[in-house]
Each structure stands twice: as structure tokens, then as C-alpha cells.
Amino acid sequence: MKIVLAALMMFGPGAPAPAPGPRAELDRGLVVAATSEGTFLSWRLLQREATGHSATGLTGRDFAVYRDGQRIATVTDSTNYLDREGTPASRYEVAGSRPTATSTTNYFELPLRKPADGVTPAGEAYTYSANDMSVGDVDGDGQYEYVVKWDPSNSKDVSQVGYTGPVFVDTYELDGTLRHRIDLGVNIRAGAHYTQFLVYDFDGDGRAEIMMKTAPGTRTLRDGRSRHITMLPADLKAGYRNTDDYRLSAAGYYDHLVTMFRGWATHPEVLAGRWPATPEQALGIDPLPDAEAVADYFIDVYAPARSTRNALRAFQGFIVDGPEYLTVFEGATGRELETIRYKPGRTDDGLMWGDYAMPRIEPANRVDRFLAGVAYLDGRHPSAVFARGYYTRSTLVSYRWNGRHLTEGWYVDSGWVPMTNPFNDTPHGRDGTSPEFATLTTQGFHSMSAADVDGDGRQEIVYGSATIDDDGSLLYSSFGNLPTGERMRLGHGDAMHVTDVAPDRPGLEIFTVHENGTTAPYGMAMRDARTGEVLFGTYSGRDTGRGMVGDVLPESPGLESWASMPGGSEALGLHTAKGQVQPGPIPGTNMSIRWAADGTTQIVNGAGDVTPTIDDWKRGTLLTAEGTRANNGTKGNPSLVADILGDWREELLVRTTDSSAIRVYLSTEVTNHKLYTLMQDRQYRVEVARQQTTYNQPSYPSFYLASDTDWGHVPLR
């Protein structure tokens with residue numbers, strides 16, 4: 001049964017040290033839910049109300065609980081209460097706040113408006129499902145709105161050929177009111193790597209903006225009206241229009257190749273003598289009569305000989321031309337606030353990025369790998385950080401939004417990875433041309449985190465196996481030794497977690513898994529976040545695709561870590577915080593959640609058509625989310641996991657099977673731990689903002705949070 005949607009959850013932007021300007025205050029977020037044992041109440045402690053520590057949590061404000069106008073309890077050691085005498089007709093109040101949500105079960109639903117089905121230029125039909133989510137107070141009323149990305153059923157990885165439907169990004173009130181819809185248009189491909197949408201109050205006015213990559217054709221739909229973004233004057237002068245469609249057909253890609261080969265002699269790398277003088281020399285063949293003949297040979301002979309997966313006659317649906325933008329939208333209305341050129345541009349279809357150099361020829365793959373996040377680089381104000389590339393050339397750029405304009409902070413660029421032949425080389429793991437950032441190449445992951453790794457009050461960007469300091473300099477790039485003794489980058493991987501894993505040692509730790517197989521020093525590694533030094537790790541010699549941290553063995557101090565090979569059939573073992581291996585099976589690696597009363601970590605399992613569950617490593621399944629589904633194929637990600645209401649524990653947000661609603665599950669286990677809402681820990685709040693990025697990873701606080709937390713070490717401000 002749905003919760004009564006009555007102005008739920010008054011929230012603010014959630015930064016513990018707010019920037020100047022008016023900001024909305026959080027309310028209690030009081031939630032009332034019927035259980036088999038009585039009526040469960042859960043509410044929020046604000047960080048400013050915490051004054052000290054006890055053996056079981058923080059101290060500070062006490063809370064009077066009223067039922068039907070009569071005081072029934074005073075709660076001092078937590079922010080929840082089980083009223084065994086309550087009935088469905090009971091009316092509650094806590095600390096002067098009335099319930100903002102009431103339910104006869106442990107979830108409520110946010111109604112959605114699914115986009116219409118569509119058909120690609122190739123005649124393929126597609127439908128839509130609700131995908132990743134974020135939250136932000138877009139109108140300054142103190143309540144979170146919900147931003148939902150819609151993915152078409154033909155959404156693709158960047159390495160997969162074919163057309164996709166357009167991506168939509170909706171902003172909803174909790175009662176299902178659609179404030180606006182942003183249609184990214186045909187020139188933004190659908191897939192996990194293309195659209196990273198940041199929802200945050202960047203200028204400190206108490207109202208969140210939405211920031212993401214756009215292109216000609218992107219438009220806002222609101223109140224029956226449609227308005228395209230403003231294209232840059234130089235692009236309009238060059239003849240580009242919002243009605244353009246840059247998606248390549250198979251014939252269009254062939255023409256694209258012909259143009260590339262015809263202009264080969266004028267390419268800067270050829271002119272500099274770094275690449276073969278003719279395309280035939282690059283392909284290792286005798287001269288051919290014209291560029292068309294070269295293209296035919298490349299598609300029909302050369303490419304299939306490199307890999308049977310190189311079916312370039314079928315290459316279609318990609319966008320390799322046309323303007324690329326970064327747009328700031330007003331969160332409340334979807335109105336475009338400013339559009340600038342996306343930095344850096346693609347330059348080409350991936351030729352310079354190494355997309356043609358490997359045996360698997362994948363145009364528009366490495367060039368179109370995008371990341372995004374929020375970071376307090378100066379310690380006071382949030383910046384947006386956008387990244388492009390991580391296998392070869394790797395770039396990051398930071399921006400501040402002042403309410404009117406974007407201002408670039410710093411720009412990090414590894415430089416191009418030198419290749420002797422763009423059609424036959426091994427560019428991964430090779431230095432770029434930048435004197436400072438050369439070793440950044442191949443170190444990026446499918447996500448990045450912001451955390452104060454050096455304790456100076458300013459957040460750094462943890463960029464996988466490297467970390468960028470708050471000023472944009474390279475703090476470190478981590479290397480290790482192979483069993484042969486050869487020193488190599490730790491390299492790229494799919495999963496990364498940054499938090500205080502080991503409370504008995506100072507600072508934060510970084511846990512990562514790595515996919516470079518025999519050339520990766522570690523399949524999984526735990527590092528000191530300040531220095532990048534490997535504390536412990538395991539060589540696998542295989543693509544180690546999944547990994548997780550959490551308190552799943554409460555008898556063991558610190559958080560445990562574990563990793564598995566693709567398919568989950570092989571594991572590297574469950575490691576304690578000190579690196580001791582516990583042989584045997586491991587928990588899942590899709591997503592973690594802080595659900596239990598004791599502070600331990602639970603795992604969200606279920607992918608594809610499997611019903612999501614919340615599982616405890618000791619107690620088994622705690623929740624089966626019947627009638628819902630997770631997202632992103634085998635990744636099995638919920639739409640969002642975050643502390644968005646009630647006490648400090650996290651809620652599970654998943655779509656219903658028909659995507660007619662987002663279902664929000666809350667834990668009704670009574671906890672005796674008292675802690676302010678995690679959304680007021682700065683690291684956790686920006687982690688929630690970046691959770692939707694590419695391969696979704698859990699959000700972590702800046703302090704150690706587990707069943708054995710020393711509450712005296714939890715920061716009060």
C-alpha cells in the first residue's frame with residue numbers, strides 16, 4: 001500500500017559547511033509505518049543538534065513522542081521508536097513535527113510518467129524503463145525532488161553497435177507531479193557511459209541545479225511547451241542547427257572512413273612523422289587506387305583479420321561529429337541557465353584515442369567514456385568535475401557555478417598516448433605526453449569519488465588508481481609489481497570504494513578491483529588514500545570485475561573487502577581490514593546498503609528479471625522487493641541507495657516492474673544508535689550526487705561507520 005504523500009521530507013543541500021547564501025533547513029522527515037509488532041516511527045537528527053558522544057551513538061537533542069496528543073515516550077538514545085499500542089488510526093508527533101508520511105507497509109511509491117515508445121531509423125522498436133536517480137531540493141522549499149533518468153530498451157554500451165532511443169531526465173515532486181522533462185535528443189546516445197547528470201545546489205542559493213552533457217537537439221519539455229538549448233554562435237555560423245541528426249548510418253560510416261583516408265596526408269600525426277605516411281603503409285599493404293578502395297579493404301579484409309568481432313559494415317548508431325556542450329539547467333523549471341562547449345572535444349571518432357589500434361576495432365569507444373562528480377575543492381563551495389577518457393588519454397575539468405556563469409577551475413590532461421601506428425598498437429598502460437599527468441593514462445575507473453584524502457579540509461578527486469589534488473595537481477598515480485618483478489600501473493577497474501575501512505590506522509582507504517589480467521599487479525587492492533600505497537592486495541591474473549567493502553563480519557574489526565571474477569564463479573576471498581583472507585564464499589557485489597539496526601552492511605542482490613533482495617551475510621534475506629527490478633543489466637543497481645528520510649539508515653529506491661513508479665523501501669528495525677542524517681556528511685552527500693555515474697557505486701561517509709564504531713571519532717561539524 002502506498003504511503004500517504006503529504007509534503008514528505010524537508011531537506012537541504014546537505015553540506016556540513018554551507019557556502020554563503022540562504023539555504024533550506026531539513027525537517028524531521030518523520031516516517032510512520034505499520035509493522036507486525038506495532039507502529040514504527042523514524043525521524044532525522046540534524047548535525048547541528050549533535051553535541052557529544054555516548055557508547056551507542058551521538059548525544060544531543062532528546063525527542064518527545066506524542067500519540068493522539070498524549071506524550072507516550074521520550075527518546076534519548078536514537079531517532080526511532082516502536083509504539084506497540086498504536087493503531088492505523090493513531091496520529092503522531094515528534095519534537096513538534098507531524099508525520100510527513102504514513103504507511104501500512106515499509107515502502108511508498110513515487111508515481112512516474114513513462115515516455116512514449118519509439119522506433120529507430122533502422123526500424124527497431126524500443127520502450128522505456130526508469131533507470132538511475134538522484135535527489136535535490138530544486139525549488140528551495142526544503143523538500144527533495146527526485147530526478148529520474150529514463151533509458152530506452154536499446155540502450156548500449158559504447159562498444160556495442162546500433163541505434164538507441166533518446167534519453168530523458170525527469171524531475172518529480174514526491175506526489176508524482178512532473179516538474180519538467182529534459183529530452184537529450186538524438187545526438188546523445190543512450191547508455192551508462194554517456195549521460196552523467198549532476199543534481200546539486202552549486203551556487204548556495206538553496207535550490208539545486210542539474211548539470212550534464214548536451215548536444216544540438218537537447219530540449220526542455222514543460223507545461224506542454226518545448227524549448228531547445230541555445231547553440232553557440234560559432235556553431236550556428238558554421239551551419240549547425242538544433243534539428244540536426246548526427247547519428248551515423250552504416251553508409252554514413254563508410255563515407256566517414258573514405259573522408260578519413262582521403263585526408264590522411266594532412267593529419268597532424270602524419271605530418272609530424274609519427275604515423276605512416278599513407279594509410280596503405282599503416283595497413284601493411286601495397287598502394288590502392290583511391291580512398292574508397294582503402295575503405296573497402298579496411299572494412300572487409302583488415303578489420304575481420306584482426307578480430308571476427310570487427311563487423312564494420314554494420315557500424316551504425318554512433319555520434320562522431322557535431323557540437324558537444326555542457327549545460328546547466330534550473331532544477332525547478334528545467335530552464336537552460338548556460339551552455340558552454342564540452343571540454344575536451346572528441347577531436348575525432350577515436351582514432352587518436354586508440355579505438356582503432358587494438359585487435360577489436362571499436363570506433364567511438366574510448367573517446368566517449370565520461371565521468372562526473374561533485375567536490376568541495378576549496379573546502380567551502382561545491383564544484384562540478386567532468387572527465388573524458390580513462391583507457392588512454394585521460395582528462396578532467398572542474399567548474400564553479402555562481403548562479404549566472406560557469407567558471408573553469410582547473411584542467412587535467414594526460415596528453416595523447418603516442419602510437420607508431422593507429423591501426424596496430426597497444427596504447428593501454430602507456431604514458432601520455434603531459435610532463436605532469438603522463439601516468440594518469442589507463443588509471444581511471446568507471447566512477448570517481450571526492451574525498452578529503454590528505455586531511456586538509458579540501459576534497460580530492462580519487463580517479464581510480466590515481467588521485468588529483470584539490471588544486472588540480474597530480475597527488476599520486478599508483479603502481480605495483482607483477483609476480484615477475486616488473487613495475488606496472490595498478491590500472492583500470494570497474495569498482496572502487498573510498499571510506500575509512502580500517503579505524504585503527506589514520507585516514508581513509510581506497511579499495512579497488514582491476515581488469516588488466518596478467519598485466520595488473522593486483523586483481524584487488526587496498527590502498528592508503530593519502531599516499532596511494534598498497535596496504536594489501538591479491539594478484540589474480542584475470543579480469544577481476546566486481547568488488548565491495550562493508551561490515552559483514554561484525555566480530556572482525558574494520559570493514560571487510562571482497563572481489564570476484566566475471567560471472568561471479570570465482571572469488572578472491574573475503575578479506576578483513578588487515579588483509580587476512582577468510583576462505584569460502586563471498587557476499588554479492590551489486591550494491592551495498594546500511595539497512596540493519598546494528599550498523600552492519602547489507603547487500604542488494606538481484607539483476608535482470610530477478611527480484612531485488614536485501615541480504616545480510618549472517619541472517620540471510622531481510623527484504624524481498626516484490627514487484628520491482630534493479631537496473632543496468634548484470635550490474636543489478638537500484639535506482640538509488642541513500643539516506644533520504646527517517647533516521648541515518650539508507651533507503652532502497654527501485655523501479656516497479658512496469659516502471660510506473662519508484663518504490664522507496666525503509667528499514668523498520670529498531671536501532672539504538674543515534675546519528676545525524678548521513679546527507680549532512682559532506683563526503684556522503686557528494687557520493688550520493690555521483691552515485692548515478694556510469695557503473696553505480698555505493699555512497700560512503702568520511703568516517704568509519706560499522707557495528708563497532710567508536711562514536712567519539714564521528715565528526716560533529
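Note that the coordinates shown come from a computational prediction; the quantities given were computed from them, not determined experimentally.

1. Here we look at the layout of surface pockets
Here the idea is plain: a probe the size of a water molecule rolls over the atoms and shows the empty space left.
(1) Moving on: By volume, the largest pocket is sized at about 1200 Å³.
(2) Moving on: Forming the boundary of the largest pocket are 48 residues, of which Lys156, Asp157, Val158, Ser159 and Gln160 lie nearest the centre.
(3) Moving on: Among the residues making up the lining of the largest pocket, the classes are represented as 15 nonpolar, 22 polar and eleven charged.
(4) Moving on: A volume near 630 Å³ is recorded for the second largest pocket.
(5) Moving on: Contributing to the lining of the second largest pocket are 34 residues, with Leu508, Asp681, Ser702, Phe703 and Pro715 lying nearest its centre.
(6) Moving on: Residue composition of the lining of the second largest pocket, grouped by class: 13 nonpolar, ten polar and eleven charged.

2. Overview of helix H6 (residues 682-690)
Three or four residues apart is the spacing at which side chains of an α-helix point the same way, because the helix has 3.6 residues per turn.
(1) Moving on: Within H6, nine of the nine residues are buried, leaving the element largely enclosed by the surrounding structure.
(2) Moving on: Within H6, the full set of buried residues consists of Arg682, Gln683, Tyr684, Arg685, Val686, Glu687, Val688, Ala689 and Arg690.
(3) Moving on: Those residues of H6 that are buried lie in contact with strand E14 (128-136), strand E18 (198-200), strand E24 (370-375), strand E28 (449-451), strand E34 (496-499) and strand E47 (640-642).

3. Structural notes on the environment of Asp348
(1) Moving on: Within the secondary structure, Asp348 is located in the loop between strand E23 (336-341) and E24.
(2) Moving on: Look at Asp348 and you get buried, because its relative accessible area is 14%.
(3) Moving on: Not counting residues within four places of it along the chain, the set of residues in contact with Asp348 comprises Trp353 and Val367.
(4) Moving on: There is a polar contact of 2.8 Å between the side chain of Asp348 and the backbone nitrogen of Gly350.

4. Thoughts on the UniProt feature "domain: Rhamnogalacturonan lyase family 11 C-terminal" (unreviewed entry) in the protein chain
(1) Moving on: When the UniProt feature table is mapped onto this chain, "domain: Rhamnogalacturonan lyase family 11 C-terminal" (unreviewed entry) is found at residues 107-263 and 313-709.
(2) Moving on: Within residues 107-263, the helical portion is 11% and the strand portion 34%, while the C-alpha atoms at the span's ends are 60 Å from each other.

Calculation notes
Residues numbered from 1 in each chain as written. Predicted model: local features only at pLDDT ≥ 70, side-chain atom pairs only at ≥ 80, totals over all residues. Heavy atoms only, no water. 1 Å grid on protein atoms, 1.4 Å probe; cavity = no way out; pocket = protein on both sides within 12 Å on 5 of 7 lines; lining within 4 Å. Points joined across faces, edges and corners; volume = space filled by probe spheres on them. Nonpolar A, V, L, I, M, F, W, Y, C, P; charged D, E, K, R; others polar. Buried < 20%, exposed > 50% of the residue type's maximum accessible area, 1.4 Å probe, protein only. Helix = DSSP H or I, 4+ residues; strand = E, 2+ residues; numbered from the N terminus. Contact = heavy atoms within 4.5 Å. Polar contact = N/O pair within 3.5 Å; in protein donor to acceptor, adjacent residues only side chain to side chain. UniProt positions renumbered as here; feature names shortened; annotations may be inferred.

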